[in-house]
Amino acid sequence: MVSINDLKHIKQAFDEFAKAGIDMLDYAEFQTVMRSCPSLKTVKDTQIQHLFMKIDYTGDGKIEWHEICTYIFLENKKKEETVHRSKMAAFVLPAIVKFLNCGEPLLRIHFPPNGTVVTLREDGLVSFWTPKLHLKSKKNLFPERSITRRPNWATDFVLMPEYNKLIIATGSRELQFYEFSSLEPCCQLSALETVPLNLDYCSTRPDECVIVYGDTEGCVNILLMKSIREKLRLWKRSPQVDNIPNISIDHAVESPEVTFIRWKVHQDWVSKVKYFESISSIVSSSAHEETALVIGSIHPSTYKQEQMRGTAEVSDERSTKVTQRATCNQTIFIVPKGVTTFDLCKNLNLLVTGGMDKVVRMWIPYVPRNPTGILKGHSAPVAYVCVTSENGHIYSVSTDNTAKIWHIKDQTCLFTAHPNSSQIKGELSACIYSSAAKGLYIASDSIALLSLKTKPQPKGIQIVSHKEPVLCCGYSEQFRQVVSCSEGSVIKIWDVETGALIFEFGCAHGDSAITCMTFDTSGRRLMTGGRDGLIKLWNFNNGQCVKILSREGKCPEICDCSYLTLHGNTFVISVGWSRRIDIYLDSKEETQFIQRPTPSWQDDMRNGHKEDILCIAHCTPHLLATGSFDGEIIVWNVVSGRIQCRFQTPQSQKISSSHVQNTSVLSLIFLKTRAFVPELASSAWLVSSGSRGYVNFWSVLNGGKFVASFQASHLQQQITKLALTQDDSMLFTADHVGFIYVYNVKQYAMGPEQNPPEKINFWRAHIRSITGLKIVDKDQFLLTSSMDCSVRLWNIHGDYIGTFGQEEDWRIETPSSWKHPAVPYEILIDPLSMPSHPVLDEEINQSDVLSSEKSENLDNQTDSDPPTILNDRDIEDGSISSWFRSEPGRRQRHAIFKHLNRASNRTGLKDYNTLKDLDLIVMPQTYKRPDLSLRKINPLESKDADE
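Since this is a predicted model, take the numbers as computed values, not measurements. (Residues numbered from 1 in each chain as written. Predicted model: local features only at pLDDT ≥ 70, side-chain atom pairs only at ≥ 80, totals over all residues. Heavy atoms only, no water.)

Time to look at the confidence of the model for the protein chain. Per-residue pLDDT for the protein chain averages 84, and the proportion of residues at 70 or more is 83%. Note on residues 302–320: pLDDT is under 50 here. Beyond four places in sequence and across chains, it has 22 contacts. (pLDDT = per-residue confidence, 0-100. Contact = heavy atoms within 4.5 Å.)

Right under this line is the structure:
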C-alpha cells in the first residue's frame with residue numbers, strides 16, 4: 001500500500017524531525033507521519049501498529065529511517081527470491097548413460113504412447129528401450145547386399161501409432177513401411193524425386209493422414225492419403241524388390257486416395273520439417289538465411305490469380321510437378337545463418353528457433369519481422385529446441401551436448417547441464433524431450449536420459465500448505481500470524497484470520513530441513529533450528545536473519561529449542577544430536593552476528609544424557625526438562641545447572657520382552673498450574689510421551705517419581721506432540737498416524753487413583769504423523785502441522801476450519817465460512833479413518849450367517865424384522881438403528897460388512913461411502929454427529945485410479 005510518493009513523504013517527515021534533533025520516532029510519531037500520507041489516510045491503526053512492530057523487531061520502541069528502508073528492501077528481495085524459486089527447474093546429474101557399440105550414429109529417437117523408446121541407426125538397426133534406457137530388443141531392417149551392390153542407408157524414421165506402422169526414409173529415395181510390433185516389412189514407395197532427409201507424420205482424420213518429408217533440393221514433399229488401411233493392404237500385394245513389396249510414387253499417386261504435392265520452399269537442404277495440426281500448416285527450415293524458416297499451407301490457394309503467380313517446373317520429364325507457393329500461402333522468417341531446429345506451441349502462441357549462430361529465438365507465429373525474445377548462452381550451434389506449455393519452459397541442446405532450461409515469461413536460463421556434469425560425450429546426433437518421461441533423451445556416442453528434478457506431488461485433490469513435509473509450526477499472538485517451517489527449508493507466514501499466505505522465504509537453513517522453532521517473548525522474532533546444527537534468529541516478516549547461534553566446529557542436528565526469561569535475562573536453549581544443552585544469552589550487547597553458547601553445565605557434561613536429546617520443556621521460573629532417544633527424562637534447575645531428578649520411561653508390559661520397544665521421548669509439557677503449589681507437591685507436574693501410545697505423568701519434587709500413565713492412542717501409535725489448555729484441564733495428544741485425542745486431566749495424577757482420565761473428544765486431523773500441535777487464541781483454536789505437507793486450523797472442539805493454502809479464504813469469526821462439517825478429503829478415504837467397533841472385529845463364518853438367517857425365519861416378532869425400505873425418517877427415529885443393535889440385527893450387520901469387504905477385495909476398490917453410511921445408520925453414537933457430507937462424495941467416481 002506504500003507507494004514511492006509515500007516513501008518520499010515519509011523521508012521528508014524524518015528530515016523535519018532530524019532538524020529538530022529527533023533521529024528516531026516512536027509509535028505515536030510514526031503513526032502521525034503515516035496518517036499524513038495522502039494515500040494512507042484510510043489505513044487502520046492496527047495496520048500501522050503491525051508495520052511499526054515489524055520494523056522494530058528488537059522491541060526498542062523507536063525506529064530510524066534506514067530501518068524502514070532496510071525492511072522494505074529485504075521484504076521485496078525475499079519476495080523476488082520466492083518467485084524465482086517457484087520457477088526453478090533442474091536436471092538430475094549425472095545423466096543416465098548407456099554406451100553404444102561401435103557403428104553408425106543414431107538418426108532419431110521417438111517416444112510412442114506405449115512408453116517404449118525407439119531409436120534408428122543409419123545402417124537400419126531399430127532398437128527398443130525402456131524409459132530408463134534398458135535395451136529390450138533390436139533388429140536390423142536392411143538385408144545384407146552383395147559386394148557389387150551399394151548397401152542401403154536410412155536418413156530418418158517416423159511412427160504411425162494409429163496403424164501400428166513405422167516409416168523409414170532411405171538414401172535410395174524410398175519410403176519403407178514396417179509393422180511396428182514385429183518390424184516385418186509391409187511395403188515401400190520407391191522412385192522418389194530426391195533423397196528424403198527428414199520425415200513427419202500426422203493423422204488428420206479417421207483413416208486419413210499426411211506424410212511430409214524435406215529433401216536435398218529444398219522442397220517440401222506432402223503425401224495426403226485416405227483409406228490408409230486399405231491402401232497399405234493393396235500395396236502389400238505389389239511385386240517385391242529386395243524382399244519387400246514395392247510400388248513407385250508415380251503409380252501410387254494414380255489412385256484418387258493418394259495426393260502428392262511438392263513445394264519448392266528453400267534454396268538449401270531442408271534441415272527439419274513438421275506438420276502442426278493445431279495450425280493446419282507445415283513448418284520447414286534450412287540453412288539459407290532468406291528462407292531460414294517457412295510456415296505454409298498444404299494446398300495451393302483457391303484463387304486463380306494466386307495460382308498463376310506460382311511457377312511450375314517439370315523436372316526429369318516426370319508427372320509430378322514442383323510448384324512454388326504463392327506469397328499468401330506462406331510466411332517466411334529471415335534468420336542469420338539459417339535455422340537448424342524449431343518448435344511451435346499453439347497454446348502459448350510461440351515459435352522457437354535455433355541455429356548455427358548459437359542463439360535461441362522466440363517468435364510470434366506469422367509475425368516474421370522481429371523476434372520477441374533472444375536467448376543467448378550456448379557456446380555451440382543449437383541442434384534441438386522444445387517448448388512445453390505445462391510448465392512454461394524451453395529446452396535447448398547444442399552440438400557440444402550442453403542442455404539448457406529457459407523460462408519463457410522471464411526469458412532467463414534456469415539451468416545448464418554441461419557435458420562434464422552430465423557425462424554425455426561424443427558428437428550429438430539426435431535428441432527428443434518426453435513429457436511422459438519428464439526428461440531429455442540425447443544420442444551421441446551413447447544414448448542418455450537427462451531427467452528433470454521433480455518433487456512429489458499430492459495425490460488427487462489433496463490441499464497442501466507446503467511442497468515438502470511440515471516439521472514444525474507456531475503462532476504469533478502479536479501479529480495473529482501462523483508460521484510454518486518445512487523439510488525444504490521454507491518458512492511461510494499465514495494470516496490466521498483468513499488462512500491466506502502473507503509472506504514466505506526459502507533456503508532459511510540452506511538445503512537443510514528446519515526441525516524446530518520458537519518465538520521470543522515479544523513475538524516479533526523467530527528462532528529456528530535445523531539439521532545443519534544452527535539456530536537462526538529472524539525478523540520473519542521480511543526474512544531478515546539477524547543472528548546465528550552455533551557451537552564451535554561441526555554442529556550436530558538441532559531437535560528442539562526454547563526461549564526463556566530468568567532474572568531479567570533472556571536465553572535461547574537448544575538440544576539435539578550433540579546430547580548437550582546449549583544456552584545462548586540473548587542480549588542487545590551481543591553484537592556479533594555469529595554467537596557461541598555459554599559454557600556447558602558441569603552436571604550436563606558429567607551426568608547428562610547418553611543419547612540424542614529430542615525435546616525440551618520449560619516451567620517458570622527455573623525448571624527445565626529434557627527427553628532423549630533412550631527414554632530418559634532429566635529435570636534441571638536452570639539457576640544452578642544441577643540435575644533435580646531423572647526418570648526412565650517405563651516399557652509396556654503388554655508386549656513380549658523379546659520385542660524391542662521404542663521408548664524415545666518425543667514431547668514434554670509441564671502442568672504449570674500445579675507447579676510450586678504446596679498442596680500439590682506430590683501430584684504430577686510433568687507429562688511425557690511414551691511407547692505404544694502411552695502418556696506418562698511424573699512428580700518432580702523430592703527426587704521425583706512416576707505417578708500414573710494411560711494409553712492415549714487407541715491404535716497404540718506413539719504420541720508425537722502434547723498440548724495443554726491454559727488452565728491445564730484438557731490435554732491434547734497427537735499420534736503418529738494423525739489422530740488427536742482430548743482428555744480431561746484436571747484431577748488426574750493428583751492422588752493414588754489409577755483410573756484413566758475421561759476422553760472428551762478425538763478425531764483424525766492428518767493422514768501422516770503430526771509434527772506441530774498448538775492451542776492458540778485463548779484456548780479457542782487448535783493449530784496442527786503434519787508430514788502430509790499440510791497445516792490446518794480447528795476450533796477447540798475439533799471442528800474443521802480449513803487448511804492453510806486452500807483457494808477460498810475463511811473468516812475465523814464466522815463459522816459458516818469454515819469447512820465444517822466436512823473433513824479433508826484424503827482423511828475421508830483413508831482406511832485408518834474407518835470407524836472401529838467390537839462387532840466388526842469379531843470373527844464370523846458362513847455357518848454363523850446361515851444360523852442367523854434360520855433364527856430370523858423362526859422369529860415372527862415384528863420388531864425383529866428390518867424395514868424393507870430405508871428412508872431418512874427410519875434413521876432419524878432410530879428404528880433401524882435399534883433393530884441392528886438387536887441380536888439378529890447384529891449378525892445381519894456383520895454379514896453385510898463381510899460381504900462388502902469381500903466385494904472390495906475382489907475389485908481392488910473400497911466403497912467407503914457405503915461403509916460409512918451403514919455405520920452412520922447402525923451406530924450413530926460412533927460419531928459426534930451425523931456427517932451428511934459423507935454421502936455426497938463417491939470415491940469410485942474419482943479420475944485417479946489409485947484413489
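Across the sheet, 4 strands lie side by side as S35-S36-S37-S38; this open sheet has antiparallel pairing. Looking at which strands have only one partner, the edges of the open sheet turn out to be strand S35 (470–476) and strand S38 (501–505). Taken over all neighbouring pairs, the strand axes of this sheet differ in orientation by 15° on average, direction set aside. Two strands pair when backbone bridges link them, and S35 and strand S36 (residues 481–486) are joined in this way by 6 bridges, in the antiparallel orientation. Along S36, the bridge assignment pairs Val 470 with Ser 486. (Pairing = 2+ DSSP bridges. Helix = DSSP H or I, 4+ residues; strand = E, 2+ residues; numbered from the N terminus. Axes fitted to C-alpha atoms, helices over the stretch in contact; angles between N-to-C directions.)

Moving on, we get to the side chain of Asn 539. Relative to the elements of secondary structure, Asn 539 occurs in strand S41 (residues 535–539). Classification of Asn 539 by relative accessible area gives buried; the value is 2%. With residues up to four places along the chain from it excluded, the contact list for Asn 539 reads Lys 54, Tyr 57, Tyr 71, Arg 524, Gln 544 and Val 546. (Buried < 20%, exposed > 50% of the residue type's maximum accessible area, 1.4 Å probe, protein only.)

This next bit is on the nonpolar core. Counting 34 residues, the largest nonpolar core has Phe 91, Ile 109, Tyr 384, Val 397, Ile 405, Leu 440 and Leu 450 as its most contacted members. Counting only elements with at least two residues in this core, the list comes to strand S4 (106–110), strand S28 (382–388), strand S29 (393–398), strand S30 (403–407), strand S31 (412–417), strand S32 (430–434), strand S33 (439–443) and strand S34 (446–451). Non-local contacts of Ile 405, meaning those with residues more than four positions away in its chain, are made with Ala 89, Ala 90, Phe 91, His 393, Ile 394, Tyr 395, Thr 412, Cys 413, Leu 414, Phe 415 and Leu 452. (Core = buried A, V, L, I, M, F, W, Y, C linked by side-chain atoms within 4.5 Å.)

Between helix H1 (residues 4–19) and helix H2 (residues 27–35), the shortest axis-to-axis distance is 9 Å and the interhelical angle comes to 135°. In this view, H1 runs oblique relative to H2, as classed from their interaxial angle. At the point where H1 passes H2, the crossing takes the right-handed sense. Every residue of H2 that contacts H1 at His 9, Ile 10, Ala 13 and Phe 17 is listed here: Glu 29, Val 33 and Met 34. In the contact of H1 with H2, the residues fall into 5 nonpolar, 1 polar and 1 charged. (Parallel < 35°, antiparallel > 145°, perpendicular 65-115°, else oblique. Left-handed = near helix turned anticlockwise from the far one by under 90°. Nonpolar A, V, L, I, M, F, W, Y, C, P; charged D, E, K, R; others polar.)

All chains considered together, the criterion is met by 35 salt bridges. A salt bridge links Arg 596 to Glu 552; the nearest nitrogen and oxygen atoms lie 3.4 Å apart. Of this pair, Arg 596 sits in the loop between strand S46 (594–595) and helix H9 (602–607) while Glu 552 sits in the loop between strand S42 (544–549) and strand S43 (558–566), and the two are 44 residues apart along the sequence. Its relative accessible area of 36% is what places Arg 596 among the partly exposed residues. By relative accessible area, which is 60% here, Glu 552 ends up exposed. Arg 646 is paired through a salt bridge with Glu 632; the nearest N and O atoms lie 2.7 Å apart. (Salt bridge = Lys/Arg side-chain N within 4 Å of Asp/Glu carboxyl O.)

With that out of the way, let us pick up the sheet that holds strand S49 (residues 632–637). If you walk across this open sheet you meet the 4 strands as S47-S48-S49-S50, and the pairing is antiparallel. Taken across any chain shown, the strands that pair with only one partner, and hence form the sheet edges, are strand S47 (613–619) and strand S50 (642–648). On average, each strand axis in the sheet is inclined to that of its neighbour by 20°, with strand direction left out of account. Bridge count between S49 and S50: 6 bridges; the pairing is antiparallel. Bridging across to S50, Ile 633 finds its partner in Phe 647.

Its place among the elements puts Arg 764 in strand S58 (residues 758–764). Polar side-chain contacts of Arg 764 include one of 3.4 Å to the backbone oxygen of Ile 767. Once you skip the residues sitting within four places of it in the chain, Arg 764 turns out to touch Val 737, Gly 738, Phe 739, Trp 794, Ile 827, Asp 830, Leu 832 and Ser 833. (Polar contact = N/O pair within 3.5 Å; in protein donor to acceptor, adjacent residues only side chain to side chain.)

Looking now at unusual backbone geometry. For the bond from Thr 620 to Pro 621, the omega torsion is 5°, close enough to zero to count as cis. Across the junction of His 820 and Pro 821, the peptide omega takes the value 10°, indicating a cis bond. Summarising the element assignment, Pro 821 is placed in the loop between strand S62 (800–803) and helix H10 (825–829). Its identity is not glycine, yet Arg 480 carries a phi of approximately 50°, on the positive side.

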